Amino acid sequence: MRFKGLRDQWVKKYDAYISWKPEFIHISDVRYISGFTGSTAIFMQTKKKNYLIVDFRYKEQSRKEVLEGVEVIDIPYEKTSFEVLAEILKKHGIRKVGVEGYTPVGYIKAVKKYVKGVRFYPVGGFISKLRAIKTKEEIETIKKAQEITDKLFEWVLNNVKPGKQTEKELAFEMERWAKTNGADGMSFEPIVAGGERSSMPHARSTDNLIPEKGVLLLDFGVRYKGYCSDMTRTVWIGSNVDGEFLKAYRIVLEAQERAINSLRFKGTKKAKDIDKVARDYIDNTEFKGTFGHGLGHGVGLDIHEYPALSPKSKDVLRGGEVVTVEPGIYVEGKFGIRIEDMVVAGKGENLTGSTKELIKL
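Everything numeric in this text was worked out from a predicted model, so none of it was measured.

Peer 1: So what about helix α8 (residues 167-179)? Which residues, and what values?
Peer 2: Because an α-helix packs 3.6 residues into every turn, residues spaced three or four apart end up facing the same way. Here α8 spans 19 Å end to end across 13 residues, near enough to the 18 Å set by a 1.5 Å rise per residue. Considered for burial, the residues of α8 that qualify are Glu167, Leu170, Ala171, Met174, Trp177 and Ala178. Each buried residue of α8 sits inside an arc of 125° when the element is viewed along its axis, so together they form one side. Residues of α8 that are buried sit in contact with α7 (136-159), β7 (185-186), β8 (191-194), β9 (214-220) and β10 (222-224).

See the structure below:
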């Protein structure tokens, strides 16, 4: 179904399609469509065949990993990937090729040196839209990633050392715990932001000590069997909760719950309409204008995938996507609050198990 779904998107316009995975650029499309997990490869689909072009480093690995229906082509030591790709294009008489837009322009120029009369057209999102709808097996894997994340959060609550531990130290210990408790690693660098720094949505962890009183925002996730999780929780350290913070927290929680409820639908639904549910609720309070980022994004092999849930998004949910729902309120110089869960669109199933009631440490 993956191969057919991909071919259906380009076959009326082009003779072939290419997704190129260059070294040091993490592109999950090739892994999804071919099964190959190495760092460098070219996936090419013609009207009748599927090819994976690899160099000597992945000669053995590729054949163990590729899905049925993919033919592996090795790059001889004396040739470049550009020459091998050109040979395949010539063999099939290819004249028009759709190429995923993230492919470096220089690569296409290099191929053109070895083949004449072939035109390359940038395309975007063919595989990413296939990836958006998760299979039952993919959802189960993401659930497992989130289970580890929930346990990690519990560990943090029991082991954080306010006033004695820096944000960087806690982030490091979180990664250590994840890798020793079943995760491949973190799905992104954890955000550990204490006090007024929590008002920066993507604050980097610093050498600042975890505050002995006030806000601690934690945004983190793990990678399990290649799939990501993503969760944010905002906790209060100390017994006396600031009144403005508490009011804002309750508003964010209600906005999130309303957005999650709107993810229960049949048929299709515009991504921006999900965002609007949470944004309108917050903007009808005294905190209007303090929610400045999109409501969420798809999660899978990458931490940010199609679709995007934001006011400007043109994406459409069809059901089966795993998306984050993460509204927030950010008051500069005071505090930031974000609550984030992962939800299966259409069913509205929340994959996140950690409590969202305000935690006081």
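Next comes the rest of the description.
Peer 1: Report on the pattern of salt bridges, specifying residues and quantitative values.
Peer 2: Summed over all chains, the structure comprises 28 salt bridges. Between Arg131 and Asp302 there is a salt bridge, with the nearest N and O atoms lying 3.2 Å from each other. Taken as a pair, Arg131 in helix α6 (residues 126-132) and Asp302 in the loop between β14 (296-298) and β15 (305-309) lie far apart in primary sequence, 171 residues in all. In this structure, Asp341 engages Arg233 in a salt bridge whose closest nitrogen and oxygen atoms are separated by 2.8 Å.

Peer 1: With reference to specific residues and values, describe unusual backbone geometry.
Peer 2: Outside of glycine, negative phi angles account for most residues, and trans bonds account for most peptide bonds. The peptide bond linking Tyr306 to Pro307 adopts the cis configuration, its omega dihedral lying at 5°. A positive phi angle, close to 50°, is found at Lys225, a residue other than glycine.

Peer 1: If you had to explain the sheet that holds β9 to someone new, which residues and values would you point to?
Peer 2: The strand order β8-β9-β12 describes an open sheet built from three strands, whose pairing is antiparallel. One side of each edge strand has no neighbouring strand; the edge strands of this open sheet are β8 and β12 (231-237). The average angle at which neighbouring strand axes cross in this sheet is 10°, direction not considered. The sheet contact formed by β8 and β9 spans four bridges and is antiparallel. Across the sheet, Gly194 pairs through a bridge with Leu216, a residue of β9.

Thresholds, definitions, all that
- Residues numbered from 1 in each chain as written.
- Predicted model: local features only at pLDDT ≥ 70, side-chain atom pairs only at ≥ 80, totals over all residues.
- Heavy atoms only, no water.
- Helix = DSSP H or I, 4+ residues; strand = E, 2+ residues; numbered from the N terminus.
- Expected span 1.5 Å × (residues − 1).
- Buried < 20%, exposed > 50% of the residue type's maximum accessible area, 1.4 Å probe, protein only.
- Arc of directions from axis to C-beta.
- Contact = heavy atoms within 4.5 Å.
- Salt bridge = Lys/Arg side-chain N within 4 Å of Asp/Glu carboxyl O.
- Pairing = 2+ DSSP bridges.
- Axes fitted to C-alpha atoms, helices over the stretch in contact; angles between N-to-C directions.

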